[in-house]
Amino acid sequence: MDVERSSQRGPQRGPAGRRPREVWAWPHTSLLGGLGADAREQLLAPGVTVRYTADRILMREADPTDFVLILLDGVVKATGRTEDGRDALLAVRMGGDLVGELAAMDARPRSATVTTCGLVTARRVTRADFLDRMRRFPRIGEAVNRSVVAKLRTANTHRINFTGCDVATRLARILQHLALTYGERTGKGAVIHWPITQPELATLCGAAEPSVHKALRRLREQGVVSTGYRTIRIEDLSRLHRIAYPEP
């Protein structure tokens, strides 16, 4: 495959000095993981492979660009600008996922800014090629539509889960979702290997940053979570679940 490298300087290694992999195992719930081999090859074929280092903006909110990125490896975050100038974390996407499809499908400006959280490898596909693949290959079109619907359902569930909850419960539910969806399981817990700031946690929780800071400190004191450089470790997912969804 053709390769277009990030314009940033320096070797493109992961958090532990790893070089980019060329073979990936995508979750079955992701776009690539749910496609058959033939359809996946047809989707990826017209693009060019791109590699980016950490903290690189791939798409910027309100820009008129319309290409899509099919993530092969790594993690990105989508953020939106609030009226008071803060960056609200909207979503996280990992290898196997698709980003930028809304602008490609409706030809409108970008709805969010997409930034890398570490080394990212993706397949960059033009809008024309992406739409052509959706039209010519029904399995691809159906898979992309299912992916968009799944994102909408997740957003709706997120809103419902927060109705009537205090900040501590909201935070526990957010951390559980991130750990189960994007974390690496380790014994009774999981590690989230990408940086998430307390302001981003606050926007996800729909709460003030001091309140989230207090709730996170309480979880650390209880031994439920621990934090390190660019990582959050859930020490016990069962305990976190009981805090997130307490029995009546």
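Note that the structure is predicted; figures quoted are calculated from it, not measured.

### Observations concerning the sheet that holds strand β8 (residues 113-116)
Alright, step 1. Reading across from one edge, β3-β8-β5-β6 is the order of the 4 strands in this open sheet, with antiparallel pairing throughout. Strands with a single pairing partner mark the edges of an open sheet, and in this sheet they are β3 (57-59) and β6 (87-94). Each strand of the sheet is rotated relative to its neighbour by a mean of 30°, with strand direction disregarded.
Alright, step 2. Bridge count between strand β5 (residues 75-81) and β6: 7 bridges; the pairing is antiparallel. When the bridges of β6 are listed, Val 76 appears paired with Arg 93.

### Quick look at the environment of Arg 139
Alright, step 1. Within the fold, Arg 139 resides in helix α5 (residues 138-161).
Alright, step 2. Residues Arg 139 and Leu 43 lie 96 residues apart in sequence; the distance between their C-alpha atoms is 10.0 Å.
Alright, step 3. Excluding its chain neighbours within four sequence positions, the residues that come into contact with Arg 139 are Leu 35 and Ala 39.

### Details of the nonpolar core
Alright, step 1. Counting residues in hydrophobic clusters, the biggest one holds 32 residues, and the most contacted among them are Leu 171, Leu 175, Trp 194 and Leu 201.
Alright, step 2. Counting only elements with at least two residues in this core, the list comes to β6, α6 (167-182), β11 (189-192), α7 (198-205), α8 (209-221), β13 (231-234) and α9 (237-244).
Alright, step 3. Broken down by element, the residue count for this core peaks at 8 residues, all from α6.
Alright, step 4. Not counting residues within four places of it along the chain, the set of residues in contact with Leu 201 comprises Leu 171, Ile 174, Leu 175, Ile 196, Val 212, Leu 216 and Ile 232.
Alright, step 5. Counting 19 residues, the second-largest nonpolar core is a separate cluster that includes Leu 32, Leu 35, Ala 39 and Leu 44.

### What about unusual backbone geometry?
Alright, step 1. Positive phi values are uncommon outside glycine, yet Asp 55 reaches one of about 65°.
Alright, step 2. Structurally, Asp 55 can be placed in the loop between β2 (48-52) and β3.
Alright, step 3. According to the relative accessible area criterion, Asp 55 is exposed, its value standing at 51%.
Alright, step 4. If you check the backbone angles, Ala 62 has positive phi at about 80° while not being a glycine.
Alright, step 5. As for its placement among the helices and strands, Ala 62 is situated in the loop between β3 and β4 (68-73).

The rules behind each value
Residues numbered from 1 in each chain as written. Predicted model: local features only at pLDDT ≥ 70, side-chain atom pairs only at ≥ 80, totals over all residues. Heavy atoms only, no water. Pairing = 2+ DSSP bridges. Helix = DSSP H or I, 4+ residues; strand = E, 2+ residues; numbered from the N terminus. Axes fitted to C-alpha atoms, helices over the stretch in contact; angles between N-to-C directions. Contact = heavy atoms within 4.5 Å. Core = buried A, V, L, I, M, F, W, Y, C linked by side-chain atoms within 4.5 Å. Buried < 20%, exposed > 50% of the residue type's maximum accessible area, 1.4 Å probe, protein only.

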